[in-house]
Amino acid sequence: MSLLTPALQDEIRQMMARYPKPRSAILGALHRVQEELGWLSPEAQAEVAALFDMPAGEVDSLVTFYYMYFRKPMGRYVIKVCRSISCYLRGSDQLRCHLQDKLGIQRGETTADGMFSLVEGECLAACDGAPAVQINDRFVENVTSEMLDGLLEELRKGSSRFPAWPEPCKP
Ligand code: FES
């Protein structure tokens, strides 16, 4: 059975039709698939590759290159801590360590309850609000350890400000 629903396949074909070269839509298509499935399993990548008539290895190289694509199931809240220069100079390293202590996980890991994943990544394009953190698709700027504690509490209760990531699909 296909992981990509007919509606999602249609949506991707429409994205492809917007470009002179259909493969220009590949990054957006991968984002949409990830939004629907929670991560980009090899099986999902293979289905995307077939739609684009591309080798699966080429899709995998894109998914591997960009850290915003997930190659394994993630938690309901993916917390990305920026490690680039503006955020680093304003304490992002300490924030990451604080989260590691609070959550009991290391970078790239997910809590046992499947609630939180911790990711360290490059510039989130929110440098004027450094240090910046991204929780799923929402940004938080000028972050402090105290703010993180409050955010974790808010997320554990189910936050209306931060929509949860979908339950990861089984391949
Ligand atoms: S350096 Fe952190 S958002 Fe740009």
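Residues numbered from 1 in each chain as written. Predicted model: local features only at pLDDT ≥ 70, side-chain atom pairs only at ≥ 80, totals over all residues.

Q: Got a minute to help me understand the packing of helix α6 (residues 92-103) against helix α7 (residues 145-157) in this structure?
A: Axis angle and axis distance: for two packed helices, these are the angle between their axes and the distance between the axes, and together they describe the pair. For the pair α6 and α7, the least separation of the axes is 10 Å and the interaxial angle reads 40°. Classified by chirality, the crossing of α7 by α6 is right-handed. Of the residues in α7, those in contact with L95, H98, L99 and K102 of α6 are S145, L148 and L152. Considering only residue class, the contact of α6 with α7 consists of four nonpolar, two polar and one charged. (Axes fitted to C-alpha atoms, helices over the stretch in contact; angles between N-to-C directions. Helix = DSSP H or I, 4+ residues; strand = E, 2+ residues; numbered from the N terminus. Left-handed = near helix turned anticlockwise from the far one by under 90°. Contact = placed C-beta atoms within 7 Å. Nonpolar A, V, L, I, M, F, W, Y, C, P; charged D, E, K, R; others polar.)

Q: Please explain the nonpolar core as it appears in this structure.
A: Buried together is how nonpolar side chains tend to be arranged in soluble globular proteins. The biggest cluster of nonpolar side chains holds 21 residues, and the ones touching the most others in it are Y77, I79, V81, L95, L99, A132 and V133. Listing elements by their share of this core, those giving two or more residues are β1 (77-82), α6, β2 (116-121), β3 (133-135) and α7. Per-element accounting of this core gives the leading share, five residues, to β1. Residues L4, L8, L40 and L51 belong to the second largest nonpolar core, which totals 15 residues. (Core = buried A, V, L, I, M, F, W, Y, C linked by C-beta atoms within 7 Å. Buried ≥ 20, exposed ≤ 12 C-beta atoms within 10 Å, placed from the backbone.)

Q: Help me out: how do you make sense of the sheet that holds β3 in this one?
A: In sheet architecture, strand pairing relies on hydrogen bonds along the backbone and comes in two forms, parallel and antiparallel. The four strands lie next to each other as β2-β1-β3-β4, forming an open sheet whose pairing is mixed. The sheet terminates laterally at β2 and β4 (138-140), the two strands that pair on one side only. Shown here is a sheet whose adjacent strand axes are inclined to one another by a mean of 25°, direction ignored. Sheet topology places β1 next to β3; three bridges connect them, and they run antiparallel. Residue pairing across strands places V81 opposite V133, the latter belonging to β3. Strands β1, β2 and β3 of the sheet are contacted by α6, whose axis makes an angle of about 150° with β1. (Pairing = 2+ DSSP bridges.)

Don't take any of this as a statement about function, it's just geometry.
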